[in-house]
Amino acid sequence: MANDNGSGNGLERYMTREEFEKIKQFGKGKETPFLVVSLSKVAQKYDELKKNFPYGKIYFAIKACPIDEVISLLHARGSCFDVASPNEIDKVLRLGVPPEKISFGNTIKKERDIAYAYQKGVRLFATDAPSDVEKLARQAPGSKVFMRIMCEGGNADWPLSKKFGAHPDLIYKIAQRVQEAGLIPYGVSFHVGSQQRDIGQWDNAIAQTKYLFESLRKDKGITLRMINLGGGLPASYIQPTQPLTTYAKEITRFLREDFGDNMPEILIEPGRSIMAEAGVIVTEIVMVSKKSTSANISWVYFDAGKFNGLIETMNESIKYPIFVDGPKSKETKEVILAGPSCDSMDTLYETYKYKLPKDIKEGDRAYVLSTGAYTASYCSVFFNGFSPMKFYVMD
Ligand SMILES: *Cc1c(COP(=O)(O)O)cnc(C)c1O
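Just so it is clear, the structure is predicted and the values come from calculations on it, not from any experiment.

A. Representation of the overall build of the chain. Across its full length, the chain holds ten helices and 18 strands. Taken against the 2.2 N^0.38 rule, which gives 21 Å for 395 residues, the C-alpha radius of gyration of the chain at 22 Å falls within 12% of a compact globule. The burial tally for the chain puts 56% of its 395 residues in the buried class. A separation of at least 24 residues holds for 72% of the contacts in the chain among residues at least 6 apart in sequence. For the chain, the accessible surface area stands at approximately 16,400 Å², while carbon and sulfur atoms represent 50% of it. For the chain, the distance from the average position of its 52 positive side-chain charges to the average position of its 48 negative side-chain charges is 1 Å.

Written out as structure tokens, the structure reads:
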């Protein structure tokens, strides 16, 4: 454990040595690559979030890690769930989650999928488009509808850009139509971008939300009751963030400033901040090579890459802490990291230079930390014949 990723940070910034040893032991004899999810860490992260946002109702965004054991654990702790499709609805219902604890948070929905959700008892839906409101009115009469405003996700490491939400002026119109169409205009949602490192983004979104609450009440007699603060809360990667306590303090202050004592119901939809640090991908170094006889830099190829777990290395957006196991040299060298498939896109980090021990060799195991979110289900299916990543849960 000699390398510091080039970030100047050792393992202890991310987990204790005991936690690391436990994962190492657990992975012994298992064929790489695989993800190990620590359920006790998931529980710890959930409890931490609850403590920091005591007034918030947590809707876990299950796309971040749709593993049964994780969903069951969060359900047992009182979490609600944000789903995006009929399959996700079926999954949480099968695990005993009642439909009242489900929010259909995807604004992009087929009419038949809305009908399915409604038939299963789901009564809370997101929207950001007039045509979607008409589909909801036909297939989910009387349901609560929250309307998503657009945030471009500036400063987020994984921005959700312009794909979701609509301008407040359009939302204002949509809210009226929701009311007329026999649905309940329930609240406003936004997502400031995943791994959002600029807390001020919530301030902007909350201010726009306040404008909508006020103008709809004053001009149209429509009283909204809920704000959905979305995801975007941080996990620990190489690029530093403020701690969760600072996020909570600031976001709470923004809410107080804009809503005072008339605080609406508050929902949060965490994915990454609960899951990321609970997972470690264990991978093997397949090859170490140089591109010419005079080249300085080595290419290091892992058996995990963009298509089997590490898609969020796209544009080097998320920089995972990576540690090589074993008694290794304290001296390090800069490397380019890549995955195993025959696609050049499957290069993980080339611009940002990771440092690994000078004496790494083929067959060594590398541990990619903070990989519990957006890995297990964010995989291709047998691209180049490589299996989707296996995953295990441990206590
Ligand atoms: C993915 C998603 C989330 C989770 O975001 P994180 O940044 O991972 O916490 C929350 N809400 C919605 C609507 C999402 O699509």
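B. Highlighting the pattern of salt bridges. Within the structure shown, the criterion is met by 21 salt bridges. A salt bridge links Glu48 to Lys45; the shortest N-O distance between them is 3.6 Å. On the criterion of helical spacing, the pair formed by Glu48 and Lys45 is a turn pair, its members being three residues apart in helix α2 (residues 39-52). The class of Glu48 is partly exposed, set by a relative accessible area of 27%. Here Asp47 ties to Arg77 by a salt bridge, and the two come within 2.8 Å at their closest N and O atoms. On the criterion of sequence distance, the pair formed by Asp47 in helix α2 and Arg77 in the loop between α3 (68-76) and β3 (80-83) is long-range, its members being 30 residues apart. By relative accessible area, Arg77 is classed as partly exposed at 39%. Taken together, the shared-partner salt bridges in this structure form one network comprising Glu21, Lys24 and Asp325.

C. Spatial organisation of the packing of aromatic side chains. As enumerated under the stated definition, the model contains 15 aromatic pairs in all. Here the aromatic rings of Phe34 and Tyr392 are separated by 5.4 Å at their centres, their planes lie at 80°, and the arrangement is edge-to-face. Taken together, the residues Phe34 in strand β1 (residues 34-38) and Tyr392 in strand β18 (residues 390-394) connect sequence positions 358 residues apart. Relative to Phe259, the ring of Phe213 lies with its centre 5.2 Å away and its plane at 75°, an arrangement referred to as edge-to-face. One end of the pair, Phe213, is in helix α8 (residues 200-220); the other, Phe259, is in helix α9 (residues 244-259), with 46 residues separating them in the sequence.

D. Fine view of the site of the ligand. Taken together, 13 residues form the shell around the ligand, and within it Lys63, Ser194, Glu269, Gly271 and Tyr374 come nearest. Within the side chain of Lys63, one N or O atom sits 2.8 Å away from an oxygen atom of the ligand. Here the ligand, which alone exposes 390 Å², has 91% of that area covered by the protein. Here the residues of the shell around the ligand sort into three nonpolar, five polar and five charged.

E. Summary view of the environment of Ser194. Assignment of secondary structure puts Ser194 in strand β9 (residues 194-196). Ser194 sits in the buried class, given a relative accessible area of 6%. As for Ser194 and Ile71, which are separated by 123 residues in sequence, their C-alpha atoms are 20 Å apart. In contact with Ser194, not counting residues within four places along its chain, are Ala156, Asp157, Trp158, Leu160, Gly232, Arg272 and Tyr374. A distance of 3.0 Å separates the side chain of Ser194 from the side chain of Arg272, its partner in a polar contact.

F. Seen up close, the domain arrangement of the chain. Split into domains, the chain comes out as domain 1 (11-36 + 276-394) and domain 2 (39-272). The C-alpha-based centres of domain 1 and domain 2 are spaced at 32 Å. At the interface, 26 residues of domain 1 touch 22 residues of domain 2. Here domain 1 meets domain 2 over a buried area of about 2,300 Å², counting both sides, of which 57% is carbon and sulfur. Among the residues domain 1 hides against domain 2, the three largest losses belong to Glu277, Tyr374 and Val393. Together they make up 27% of the total. Our count for the domain 1 to domain 2 interface comes out at three salt bridges. Connecting domain 1 to domain 2 are twelve residue pairs in polar contact (both at pLDDT 80 or more). If you list the elements that add at least two residues to the side of domain 1 that touches domain 2, you get β16 (347-357) and β18. The dominant element in the side of domain 1 that touches domain 2, judged by the number of residues it contributes, is β18, at three residues. Residues belonging to the side of domain 1 that touches domain 2 are distributed by class as follows: 17 nonpolar, four polar and five charged.

G. Structural view of the nonpolar core. Grouped together as the largest cluster of nonpolar side chains are 114 residues, with contacts concentrated most on Val70, Phe190, Trp202, Leu229, Ile251, Met275 and Leu337. The leading source of residues in this core is α9, at seven residues. Viewed by domain, this core spans two of them, domain 1 (11-36 + 276-394) and domain 2 (39-272), each represented by three or more residues. Those residues in contact with Val70 that sit more than four places away from it in its chain are Val37, Leu39, Val42, Phe60, Cys65 and Met275.

How each quantity is defined
Residues numbered from 1 in each chain as written. Predicted model: local features only at pLDDT ≥ 70, side-chain atom pairs only at ≥ 80, totals over all residues. Heavy atoms only, no water. Helix = DSSP H or I, 4+ residues; strand = E, 2+ residues; numbered from the N terminus. Rg over C-alpha atoms; globule rule 2.2 N^0.38 Å. Buried < 20%, exposed > 50% of the residue type's maximum accessible area, 1.4 Å probe, protein only. Contact = heavy atoms within 4.5 Å. Areas by Shrake-Rupley, 256 points an atom, 1.4 Å probe, with all protein chains shown as cover. Lys, Arg positive; Asp, Glu negative; His and termini not counted. Charge placed at Lys NZ, Arg CZ, Asp CG, Glu CD. Salt bridge = Lys/Arg side-chain N within 4 Å of Asp/Glu carboxyl O. Phe/Tyr/Trp six-rings, centres within 6.5 Å; stacked < 30°, edge-to-face > 60°. Near = heavy atom within 4 Å. Polar contact = N/O pair within 3.5 Å; in protein donor to acceptor, adjacent residues only side chain to side chain. Nonpolar A, V, L, I, M, F, W, Y, C, P; charged D, E, K, R; others polar. Domains from an automatic or database assignment. Buried area = accessible area lost by both parts, 1.4 Å probe. Core = buried A, V, L, I, M, F, W, Y, C linked by side-chain atoms within 4.5 Å.

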